[in-house]
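# Coordinate analysis (summary)
As a plain string of letters, each chain reads:
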Amino acid sequence: MKCLIVFGLIVALFGAFVGYGYVVFTDLTKPLPKPEFKDDTYWGPGDAKDFVPDDKIYEFKLQVPQSEIDDLRKELNRTLRLTDPLDGIAFEYGFNTYALAQFVDYWRDKYLTKWDERQELFNSFKQYKTEIQGLNIHYIHEKVSEEVQETKHVYPLLLLHGWPGSVREFFDFIPMLTKHSNITDYAFEVVAPSLVGYGWSDAATRPGFNAAEMATVMRNLMLRLGHKKFFIQGGDWGSIIGSNLATLYPENVIGYHSNMCVLHSPLAILKGIYGSFYPEKYLPNRFFVDHHFPVWDKWLELLQESGYFHIQATKPDTIGAALTSSPVGLASYILEKFQTCTNPGLQQDFGAIVTVFGLETVLDNLMVYYLTNSATTAARFYLENVSKAYRDLQLDRVQSPVPMGCARFRFDLPSVTDWQLRDKFPNLTHSMYFQQGSHFAALEMPAMLFNDFTAFVAKIGLHGEVRK
């Protein structure tokens, strides 16, 4: 009799444990409702009560004083106090100091002597500034010609960059989107902003400016320009911001296309672990397994390459002070990221950056950070996005009805599978794998990104309906 009682208690406890586990699992994995979010928070200097809004749009042209270029040349002309690499080491310990010295020599003696030419390239795109929520936002705004309007379907497009990138990433991509010469039936009125705290856009003056706030400013910029509905394309932070915008303001988004398809909800993580045991079951082709699995190896790779993330997410002003005080330090820090984002076969190659991106292109991007003194304010964005206020929004668990397209480049950060991505974007309408390319897709292979983006657009109607 006692054995039966004990057995009954064990069964009851096991049942209670299973039931509790089910409740906890359901609570952690179920979709959440869209949170209420304020869309007019003031982020500018001073008190919002004293702020006088200005909705005018002002033309912007890059005009760097020669004295500033001369000062930079003097800084780069100082004797470098660099430590020699270890014997037999290329870039395994960070950016190789022999390579860095060569970059500095080229930057000072060749690049800066043709700064007028580089500045002319920046100014070849129509640029403007306007005030949004107390912040002066810089953006490229390239419209299509009358010929294009008459022969193609034209849509507004918000292009979003990330770190350590800038609008310079899009200089080869934008003409493909706007010109009559592209071979598709589509063209785009492109708006490519400098993110808040990046480039020539103001930085927030108080804590709390996270990706949801950035998404709100970007959406309000598009509304300022008269675009109530638009496409979004983004990678790196641009992908996170685009996802947040499509989640918080789906009524404004025709479609959202990402070349960094990540998701960090509890359910997505569990699916990733489960999928690692049956990788081919959840992929369109067995050749794509190494995009996602083994999941443990992918996590280890992220841990090894995310030291910068931990620094910027904890003490951004410390690293910012080092970077803004030394152009050589800034170059080493940013160039190392571009070196890493080539591909594993080139990461230890001294010519990788030149081969994949082009020397002038990478130095153009570096100049954006130097000239705008934005290393600190850009780094702060990391801290804001690991803050409790942002985590509590749990936007990865809030579904978006917006049509979504995903382009996965082989050597980018590990993306999630369609099986995981549909938890967030049930209207996933386009999914593509590429066996080449890395993190800076618009910079490295703009034609491939263009083809994938327009393939996604072809599946979407003007109002966001999926074309059968």
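Residues numbered from 1 in each chain as written. Predicted model: local features only at pLDDT ≥ 70, side-chain atom pairs only at ≥ 80, totals over all residues. Heavy atoms only, no water.

## Description of helix 3 (residues 97–111)
When helix 3 is considered as a whole, its buried residues turn out to be Thr-97, Ala-99, Leu-100, Phe-103, Val-104, Trp-107, Arg-108 and Tyr-111. The buried residues of helix 3 occupy an angular sector of 165° when the element is viewed end-on, so they sit on one face. Lining the buried residues of helix 3 we find helix 2 (66–76), helix 4 (115–122), helix 13 (327–340), helix 14 (352–356) and helix 15 (359–372). Of the residues that open helix 3, the one with a side-chain oxygen 2.8 Å from the backbone nitrogen of Tyr-98 is Asn-96. (Buried < 20%, exposed > 50% of the residue type's maximum accessible area, 1.4 Å probe, protein only. Helix = DSSP H or I, 4+ residues; strand = E, 2+ residues; numbered from the N terminus. Arc of directions from axis to C-beta. Contact = heavy atoms within 4.5 Å. Polar contact = N/O pair within 3.5 Å; in protein donor to acceptor, adjacent residues only side chain to side chain.)

## Thoughts on the UniProt feature "active site" (unreviewed entry) in the chain
Mapped onto this numbering, the UniProt entry annotates "active site" (unreviewed entry) at Asp-236, Tyr-382 and His-439. Cross-referencing the annotated residues with the largest cavity identifies Asp-236 and His-439 as lining it. Tracing the sequence through the fold places Tyr-382 in helix 16 (residues 375–384). What makes Tyr-382 buried here is its relative accessible area of 2%. In this structure Tyr-382 touches Trp-163, Tyr-198, Trp-237, Tyr-308, Phe-309, Gln-312 and Ala-313, once residues within four positions along its chain are discounted. Relative to the helices and strands, His-439 is located in the loop between strand 9 (428–434) and helix 19 (441–444). Judged by its relative accessible area of 8%, His-439 is buried. Once residues within four sequence positions are removed from consideration, His-439 is found in contact with Asp-236, Asn-259, Met-260, Cys-341, Asp-412 and Leu-413. In this structure the side chain of His-439 is engaged in a polar contact, spanning 2.6 Å, whose partner is the side chain of Asp-236. (UniProt positions renumbered as here; feature names shortened; annotations may be inferred. 1 Å grid on protein atoms, 1.4 Å probe; cavity = no way out; pocket = protein on both sides within 12 Å on 5 of 7 lines; lining within 4 Å.)

## Section: the nonpolar core
Core analysis: the largest hydrophobic core is formed by 126 residues, its most contacted members being Trp-107, Met-218 and Ile-241. Judged by nonpolar contacts, the second largest core, of 6 residues, contains Leu-283, Phe-293, Val-295 and Tyr-433. (Core = buried A, V, L, I, M, F, W, Y, C linked by side-chain atoms within 4.5 Å.)

## Some thoughts on the packing of aromatic side chains
According to the stated counting rule, one finds 36 aromatic pairs in the structure shown. For the pair Phe-309 and Tyr-382, a centre-to-centre distance of 5.0 Å together with 85° between the ring planes defines the contact as edge-to-face. Of the two residues, Phe-309 is situated in helix 11 (residues 307–312) and Tyr-382 in helix 16; the sequence distance between them amounts to 73 residues. An aromatic cluster of at least three residues, connected via ring pairs, comprises Phe-60, Tyr-111, Trp-115, Phe-122, Phe-125, Phe-171 and Trp-200. Directly above the aromatic system of Phe-425 lies the positively charged group of Lys-424, at a separation of 5.7 Å from the ring centroid. (Phe/Tyr/Trp six-rings, centres within 6.5 Å; stacked < 30°, edge-to-face > 60°. Lys NZ or Arg CZ within 6 Å of the ring centre and 35° of its normal.)

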